[in-house]
Amino acid sequence: MTDTTGYRAISKDQQDEVGQSRQGSRGADAAANSRGRTTIADSEVAKIAAMATREVPGIHSLGSGMARALGSVRDRVPGTRSGISRGVSVEVGERQAAIDLDVVVDYGVSIVDVAGEVRTDVITAVERMTGLEVVEVNIAVDDVHLPDDEEENPEPEGRVT
């Protein structure tokens, strides 16, 4: 059969095969994840990891001493964003993430137990919310907060009362 439109004519059996191969790849039957690309910024993964870490009992704060000091100064500057992900660094690939945490633990807690719970909670939260596979969570305990330590960010006293 000759077709003058430039398209090759196909039989009814071939039409059925083509229809079946297209079904599921277009229209309402297509999977949502095949209709575009999602990218997640490193900073957003860091926020998720920071929140999951802070929820673990025994974690006093995040960040090394210097990061906490600089963060407290930055937090006082009007118009700056809070350092929610201070002490968290992440590497995000297409399908995987690696997370490094600097934490301060409360005195008297088992650091091994707290670190294990942090790892579990961070992996669960990041994988559930992003779909990324967390390949490692490295935890550095930079300090132990003692109960009688002064408050880290004391309110400055005014000059007048």
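For every chain, the first residue of the written sequence is number 1, and numbering continues from 1 onward in sequence order. Reporting in this predicted model follows two pLDDT cut-offs: at least 70 for local features of residues, and 80 or more for side-chain atom pairs to be given and counted; totals over whole chains, interfaces and linings ignore these cut-offs and use all residues. For side-chain calculations, the full set of non-hydrogen atoms in the structure is used, while hydrogens and water are omitted.

Notes on the overall build of the protein chain
Helix numbers and strand numbers start at the N terminus; a helix is a DSSP run of H or I with at least 4 residues, a strand a run of E with at least 2. Per the secondary structure count, the protein chain includes 4 helices and 4 strands. Going residue by residue from the N terminus, the α and β elements of the protein chain occur as α-α-β-α-β-β-α-β. Taking all 161 residues of the protein chain together, the buried fraction comes to 25%. Should any heavy atoms of two residues lie within 4.5 Å, those residues are considered in contact. Restricting to contacts in the protein chain with at least 6 residues of sequence separation, those with at least 24 account for 69%. The Shrake-Rupley method, run with a 1.4 Å probe, gives the accessible areas here. Residue values count only the displayed protein chains as cover. Total accessible area on the protein chain is roughly 11,700 Å²; 48% of this is exposed by carbon and sulfur atoms. Only protein chains enter the calculation, and the probe is 1.4 Å; a residue is then buried if its accessible area is under 20% of its type maximum, exposed if over 50%, and partly exposed in between.

Observations regarding the environment of Ser43
With respect to the element layout, Ser43 can be found in helix H2 (residues 42–54). As a C-alpha pair, Ser43 and Glu91 span 48 residues in sequence and 9.6 Å in three-dimensional space. A 3.5 Å cut-off defines polar contacts: any pair of N or O atoms within that distance qualifies, except that in protein one atom must be a possible hydrogen donor and the other a possible acceptor, and neighbouring residues in sequence count only when both atoms are side-chain atoms. A distance of 3.2 Å separates a polar atom in the side chain of Ser43 from a polar atom in the side chain of Glu44.

Comments concerning the nonpolar core
Here, nonpolar core refers to any group of buried Ala, Val, Leu, Ile, Met, Phe, Trp, Tyr and Cys residues whose side-chain atoms link them within 4.5 Å. Counting 24 residues, the largest nonpolar core has Ile59, Val88, Ile99, Leu101, Val118, Val122 and Val126 as the members making the most contacts within it. Elements that contribute at least two residues to this core include exactly H2, strand S1 (59–62), strand S2 (88–92), strand S3 (96–106), helix H4 (111–130) and strand S4 (133–145). For this core, the element with the most residues is H2, which contributes 6 residues. Not counting residues within four places of it along the chain, the set of residues in contact with Val118 comprises Thr53, Val56, Ile59, Leu101 and Ile139.

What about H2?
Counting along an α-helix, one turn takes 3.6 residues, and residues three or four places apart therefore face a common direction. Taking 1.5 Å per residue, 13 residues should reach 18 Å; H2 reaches 18 Å between its end C-alpha atoms and fits that length. Among all positions of H2, only Val45, Ala46, Ile48, Ala49, Ala50, Ala52 and Thr53 are buried. For H2, the elements touching its buried residues are S1, S2, S3 and H4. Every helix has an expected span of 1.5 Å times one less than the residues it contains.

Topic: the confidence of the model for the protein chain
On average, residues of the protein chain carry a pLDDT of 78, and 61% of them reach 70 or more. Mean pLDDT in the protein chain bottoms out at helix H1 (residues 12–22), which sits at 49, and peaks at H4, which reaches 98. The predictor attaches a confidence to each residue, called pLDDT, with possible values from 0 through 100. Low confidence marks residues 2–10, where pLDDT is under 50. Its contacts with residues over four positions away, or in another chain, come to 4 contacts. The low-confidence segment residues 18–24 (pLDDT under 50) makes 5 contacts with residues lying over four places distant or belonging to another chain.

A closer look at the packing of H2 against H4
Every angle, taken between N-to-C directions, lies between 0 and 180 degrees, and every axis is a line fitted to C-alpha atoms, over only the stretch in contact when it is a helix. Between H2 and H4, whose axes approach to 8 Å, the crossing angle comes to 140°. With respect to their mutual orientation, H2 and H4 come out oblique. When you trace H2 past H4, the crossing you get is right-handed. Packed against H2, whose contacting residues are Val45, Ile48, Ala49, Ala52 and Thr53, the element H4 presents Val118, Asp121, Val122, Ala125, Val126, Met129 and Thr130 at the interface. When residue character is reported, Ala, Val, Leu, Ile, Met, Phe, Trp, Tyr, Cys and Pro are called nonpolar, Asp, Glu, Lys and Arg charged, and the others, Gly included, polar. A per-class count over the contact of H2 with H4 returns 9 nonpolar, 2 polar and 1 charged. Any angle from 65 to 115 degrees is called roughly perpendicular, while one under 35 is roughly parallel, one over 145 is roughly antiparallel, and all others are oblique. Handedness of a crossing follows from how the near helix is turned relative to the far one, being left-handed for an anticlockwise turn of less than a right angle and right-handed for a clockwise one.

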